[in-house]
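Structural description and commentary
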Amino acid sequence: MGNQNKFLFIIALVLFQTGWAQDSLKLSAREFISVVKNYHPLALKYQLQNKIAQSEITKARGNFDPVLAGKLGEKNIDGTTYYQQKNIELGIPTWYGIDLTAGYHHLDGEKLNSSETKGGLYQMGITVPLAKNLLYDKRRATLDQAKFALKMTEAEQTVLTNDLLLDAENTYWEWVQDYELYSLQTKTVAINKERLRLIKKAFEYGERAAIDTVEAMSQLQSFELQQKEAYLKFIKSTQQLQLFLWKDHQELYEISQVIYPSDRLSDHTAYSDFEFLLQELRTKEINNHQSVLYYTQKANILESERKLKWQSFLPKLDFTYNFFNKENYRADYLPLFDNNFQYGLKLEIPVFQREARANYQMAKIKLEQNQLDTKLKVRELHTKMETYKNEIGNYHTQIGLSRSNLINYQKLLSAEETRYSNGESSLFLINSRENKVIDAQEKLIGIRTKFLKSFNKLKWMKENFSL
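Conventions and cut-offs
Residues numbered from 1 in each chain as written. Predicted model: local features only at pLDDT ≥ 70, side-chain atom pairs only at ≥ 80, totals over all residues. Heavy atoms only, no water. Helix = DSSP H or I, 4+ residues; strand = E, 2+ residues; numbered from the N terminus. Rg over C-alpha atoms; globule rule 2.2 N^0.38 Å. Buried < 20%, exposed > 50% of the residue type's maximum accessible area, 1.4 Å probe, protein only. Areas by Shrake-Rupley, 256 points an atom, 1.4 Å probe, with all protein chains shown as cover. Pairing = 2+ DSSP bridges. Axes fitted to C-alpha atoms, helices over the stretch in contact; angles between N-to-C directions. Contact = heavy atoms within 4.5 Å. Parallel < 35°, antiparallel > 145°, perpendicular 65-115°, else oblique. Left-handed = near helix turned anticlockwise from the far one by under 90°. Nonpolar A, V, L, I, M, F, W, Y, C, P; charged D, E, K, R; others polar. Expected span 1.5 Å × (residues − 1). pLDDT = per-residue confidence, 0-100. Core = buried A, V, L, I, M, F, W, Y, C linked by side-chain atoms within 4.5 Å. Patch = residues over 30% accessible without salt bridge, like charges linked within 9 Å, V, L, I, M, F, W, Y side chains within 5 Å. Salt bridge = Lys/Arg side-chain N within 4 Å of Asp/Glu carboxyl O.

What about the overall build of the protein chain?
Along the protein chain, the regular secondary structure elements total nine helices and ten strands. Scaling as 2.2 N^0.38, a compact globule of 467 residues should have a C-alpha radius of gyration of about 23 Å, whereas the protein chain reaches 39 Å, well beyond that. Over its C-alpha atoms, taken along the principal directions, the protein chain stretches across nearly 135 × 50 × 35 Å. The burial tally for the protein chain puts 38% of its 467 residues in the buried class. For the protein chain, the accessible area works out to roughly 27700 Å², and carbon and sulfur atoms hold 53% of it.

Now the structure itself:
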């Protein structure tokens, strides 16, 4: 793990351990996403997948590596040396399908074939495909496909990484939502405890009826039950959050005590930034999205395969030429077909071309399938973007209405409490007004969470566009 990643994790741990209060741990969204990005096993797995694709390119380039070969041998029977040979040869494959060779061969013995040359012999040769494999061959196709596969893999891993980070960030804000709901119930319980205390005193002084204490106690118990339920839900959310927290060496971070979010739903910059995000996405071309680029690179791979399959229709016509020079003889390079040479011409023509036609047809069909997949993905992305845009606009409007609704309910509650203190109302009406306020507060928290989740979907979709 790099020093920068370790530094980020140390900062996150320090903030975990210190927090903003001595009796609690706190975690911000930025710190949480940083830990997920640098330490989550899936994020690391996606990075390793890119490295595998890079290694595939190196492997494909190996088909163009020069090959050095050597051979040493002897045959001896009943004291007769049939042959002794020493050979060394260098083969150099080139990009254009041409193979170059150079070597030295030494042969000696008493039982040599008449076509073999005794003594030392230098050789330089070339093999040229004149039809099939001249314009394109398996070596070039493998390297091209490995390069396309790297870009394809990078696009895929970008999408998968962003999906992971989106899931993580939405989990964080759901955790914040559950914490704020728990905090709301905790404050409500505290208010009702104080109200019960005051009503009991008023009853002792003869200012309130005994039934008011029963009413206040029932309201308090109801809120205490809701508080317990909210706390349990918050603990479950914390456990879900823990699934994304990992340390160096892929060790799960064990949360030994309750942690709390340092960010609040109402403080998110999305409320002011979402219009800029929408404007930026309007300038993005869907075809530049990494999900689409994945299919684009896949199309390049399939096109490479189609070109390779087309070569099978051509006859295999290979020309081989070797120039020789005996050891200790002056080299005579020209003319090439006058002395010290060997050449060959090899022709192969499939009669029915059944395999070639089938392979080529399948390659074309795969290209058509990929085109359909690409169109479907473009349509899917366009629909998602429009859906998220509509969600953001709608939830933003709902937040304004919900906030206004909450203010009105708070005013009604305040007025009812004033009337109650003047003896013009009842505790039942106060409790009813208070329940409306709490329902409005919970609804506002829920709408804020929905807004932020839609914002995150658009934000991470923007990250999936190529720069």
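Read on for the rest.
Observations concerning the sheet that holds strand β10 (residues 341-348)
Read across the sheet, six strands follow the order β2-β3-β4-β5-β9-β10 without closing on themselves; strand pairing throughout is antiparallel. Each edge of the sheet is formed by a strand with only one pairing partner; in this case those strands are β2 (67-77) and β10. Neighbouring strand axes in the sheet, compared pairwise and without regard to direction, differ in orientation by 15° on average. Bridge count for strand β4 (residues 99-108) against strand β5 (residues 119-129) is nine bridges, and the pairing is antiparallel. Paired with His105 across the bridge in β5 is Leu121.

Here's the deal with the side chain of Ser237
Mapped onto the fold, Ser237 is located in helix α5 (residues 210-242). Not counting residues up to four positions away in its chain, the partners in contact with Ser237 are Glu174, Trp175 and Asp178.

Comments concerning the pairing of β5
Examined bridge by bridge, β5 and strand β9 (residues 316-326) share nine bridges and lie antiparallel to one another. Directly across from Met124, in β9, lies its bridge partner Phe323.

A few points about the environment of Ala202
Here Ala202 is to be found in helix α4 (residues 138-204). Once residues lying within four places of it in the same chain are set aside, the contact partners of Ala202 are Glu207 and Arg208.

Digging into the packing of α4 against α5
The N-to-C vectors of α4 and α5 enclose an angle of 160°; their axes lie 8 Å apart at closest approach. One element, α4, and the other, α5, form an angle in the roughly antiparallel class. The two elements α4 and α5 cross, and the hand of that crossing is left-handed. Each residue belonging to the contact of α4 with α5 can be placed in one class, and the counts come to 18 nonpolar, twelve polar and seven charged.

Observations regarding helix α3 (residues 41-61)
Over its 21 residues, α3 extends 30 Å from the first C-alpha to the last, a length consistent with the 30 Å expected when each residue adds 1.5 Å. Turning to α3, its buried residues number three or more, namely Ala43, Leu44, Tyr46, Asn50, Ala53, Ile57 and Ala60. The elements touched by buried residues of α3 are α2 (29-39) and α4.

Details of the confidence of the model for the protein chain
Where the model shows low pLDDT, its predicted coordinates should not be examined in detail. When pLDDT is averaged along the protein chain, the result is 89; 93% of the residues meet or exceed 70. The least confident element of the protein chain is helix α1 (residues 3-18), whose mean pLDDT is 42; the most confident is helix α7 (residues 290-310), at 95. Here residues 1-22 is a poorly scored stretch, pLDDT under 50, and it has 34 contacts once near neighbours within four places are set aside; other chains count.

Focus: the nonpolar core
One finds Phe32, Tyr172 and Phe451 to be the most contacted residues of the largest nonpolar core, which totals 67 residues. Among the elements of the structure, β1 (25-27), α2, α4, α5, β8 (259-261), α6 (270-282), α8 (354-421) and α9 (427-463) are those that each provide at least two residues to this core. With 14 residues, the single largest contributor to this core is α9. The residues touching Phe451, leaving out its near neighbours within four places in the chain, are Ala270, Tyr271, Phe274, Ile392, Tyr395, His396 and Ile399. In terms of nonpolar packing, the next biggest core, distinct from the first, is built from seven residues, Ala53, Ile57, Phe64 and Leu143 among them.

Remarks on a nonpolar patch on the surface
Taken together, the side chains of Leu68, Ile88, Leu90, Ile92 and Leu100 define a hydrophobic patch exposed on the protein surface, amounting to about 410 Å² of accessible area. Top element by residues in the nonpolar patch is strand β3 (residues 80-93). It accounts for three residues. Residue placement: Leu100 occurs in strand β4.

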